[in-house]
Amino acid sequence: QVQLVESGGGLAHPGGSLSLSCVASGSITSFYTMGWWRQAPGKQRELVAQISTRNITDYAKNVKGRFTVSRDNAKSTVYLQMNSLESDDTAVYYCTATDWTQHRYWGQGTQVTVSS
């Protein structure tokens with residue numbers, strides 16, 4: 001069992017930036033991937049970005065080039081740097097940890113609102 005705690009959400013203007021952090025209660029090196037998902041009102045939850053134990057990254061098409069996922073194993077922390085934010089990026093963002101059995105753990109989520 002792992003606890004994931006996100007932080008860094010808030011309000012940003014279109015074109016602005018926000019940085020999210022996710023701290024795990026234990027080592028993240030034991031997980032196959034660490035990821036960020038989001039869910040906007042009335043929409044399905046979607047994968048935003050993920051990073052493997054080998055630092056291989058993958059991004060949703062609509063954030064590629066704007067968002068960057070990274071990890072610091074020593075701090076058991078995963079980050080999501082979000083630049084050039086758009087109104088469609090407004091959502092609750094969730095941190096996830098997926099183990100080698102494909103079980104996925106979820107954080108409680110942090111709200112990101114992009115508005116002028």
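Computed from a prediction, not measured in an experiment: that's the story for all the values here.

Colleague: Account for the nonpolar core, naming residues and giving values.
Modeller: In terms of nonpolar packing, the biggest core is built from 31 residues, with Leu-4, Met-34, Trp-36, Leu-80, Met-82 and Tyr-93 touching the most fellow members. Within the residue set of this core, elements represented by two or more residues are strand 3 (18-24), strand 4 (33-39), strand 5 (46-52), strand 7 (67-72), strand 8 (77-82), strand 9 (91-98) and strand 11 (110-114). Sequence-distant contacts of Leu-80, that is, excluding residues within four places in its chain, are made with Leu-18, Ser-19, Leu-20, Trp-36, Val-48, Ala-49, Phe-67, Thr-68, Val-69 and Tyr-93.

Colleague: How would you summarise the environment of Ser-21 if you had to cite specific residues and measurements?
Modeller: Turning to its location among the elements, Ser-21 is positioned in strand 3. Sequence spacing of Ser-21 and Tyr-79 is 58 residues, and the spatial spacing of their C-alpha atoms is 4.6 Å. Setting aside anything within four residues of it in sequence, one finds Ser-21 in contact with Val-5, Glu-6, Ser-7, Trp-36, Thr-77, Val-78 and Tyr-79.

Colleague: So, the pairing of strand 9: which residues are in play, and what are the values?
Modeller: Burial runs high along strand 9: seven of the eight residues are buried. As paired strands, strand 4 and strand 9 are joined by seven bridges and run antiparallel to one another. Its bridge partner being in strand 9, Thr-33 is matched across the sheet by Thr-98. Summarising the sheet, strand 9 and strand 11 pair through three bridges and their orientation is antiparallel. Its bridge partner lying in strand 11, Tyr-93 is registered against Thr-110. The hairpin turn running from strand 9 into strand 10 (residues 104-106), its antiparallel successor, is five residues long, and Gln-102 in that turn takes a positive phi close to 75°.

Colleague: How would you summarise the sheet that holds strand 1 (residues 4-7) if you had to cite specific residues and measurements?
Modeller: One open sheet holds the four strands; their spatial order is 1-3-8-7, and the pairing between them is antiparallel. Of all the strands in the sheet, just strand 1 and strand 7 have a single pairing partner and so form its edges. Taking the axes of each pair of neighbouring strands and ignoring which way they run, one obtains an average angle of 15° across the sheet. In this structure, strand 1 lies alongside strand 3, joined through four bridges in antiparallel fashion. Note on strand 3: the bridge partner recorded for Val-5 is Val-23.

Colleague: I'd like to hear about the environment of Leu-80, residue by residue, with values.
Modeller: Looking at the element boundaries, Leu-80 is found in strand 8. On the accessibility criterion, Leu-80 (0% relative accessible area) is buried. For the pair Leu-80 and Pro-14, spaced 66 residues apart in sequence, the C-alpha to C-alpha distance is 17 Å.

Colleague: Which residues make up the side chain of Thr-110, and what values go with them?
Modeller: Here Thr-110 lies in strand 11. For Thr-110, a relative accessible area of 11% corresponds to the buried category. At 3.4 Å, the side chain of Thr-110 and the backbone nitrogen of Gly-9 are in polar contact. Not counting residues up to four positions away in its chain, the partners in contact with Thr-110 are Glu-6, Gly-9, Leu-20, Ala-91, Val-92 and Tyr-93.

Colleague: Can you explain the packing of aromatic side chains? Please cite residues and give values.
Modeller: If you walk through the whole model with that rule in mind, you get four aromatic pairs. Note on Tyr-94 and Trp-106: the rings are 6.1 Å apart at their centroids and 80° apart in plane angle, and the pair reads as edge-to-face. Taken together, the residues span a long stretch of sequence, with Tyr-94 in strand 9 and Trp-106 in strand 10 at a distance of 12 residues. Residue Tyr-94 is classed as buried on the basis of its relative accessible area of 13%.

The rules behind these values
Every chain's residues receive numbers from 1 upward, in the order its sequence appears when written. Per-residue local features are limited, in this predicted model, to residues with pLDDT of at least 70; the limit for side-chain atom pairs, both in listing and counting, is 80 or more; totals at the level of whole chains, interfaces and linings are taken over all residues. Only hydrogens and water are removed before side-chain values are computed, so all heavy atoms of the structure are retained for them. To form a nonpolar core, buried Ala, Val, Leu, Ile, Met, Phe, Trp, Tyr and Cys residues must be joined to one another through side-chain atoms within 4.5 Å. The buried label applies to any residue whose accessible area, calculated with a 1.4 Å probe on protein chains only, is under 20% of its type's maximum; exposed applies above 50%, and partly exposed to all values in between. Starting at the N terminus, helices and strands are each numbered in turn, a helix being any DSSP run of H or I of at least four residues and a strand any DSSP run of E of at least two. The contact criterion used is simple: two residues touch if any of their non-hydrogen atoms lie within 4.5 Å. In this description, strands pair whenever DSSP reports at least two bridges between them. For helices, the axis comes from a line fit to the C-alpha atoms of the stretch in contact; other axes are also lines fit to C-alpha atoms, and the angle between any two N-to-C directions lies between 0 and 180 degrees. The definition of a polar contact used here is a pair of N or O atoms within 3.5 Å, where within protein one atom must be able to donate a hydrogen and the other to accept one, and adjacent residues in sequence count solely through side-chain atom pairs. Between rings of Phe, Tyr and Trp, where Trp is taken as its six-membered ring, a pair exists when centres lie within 6.5 Å; planes separated by under 30 degrees are stacked, by over 60 edge-to-face, and by other angles tilted.

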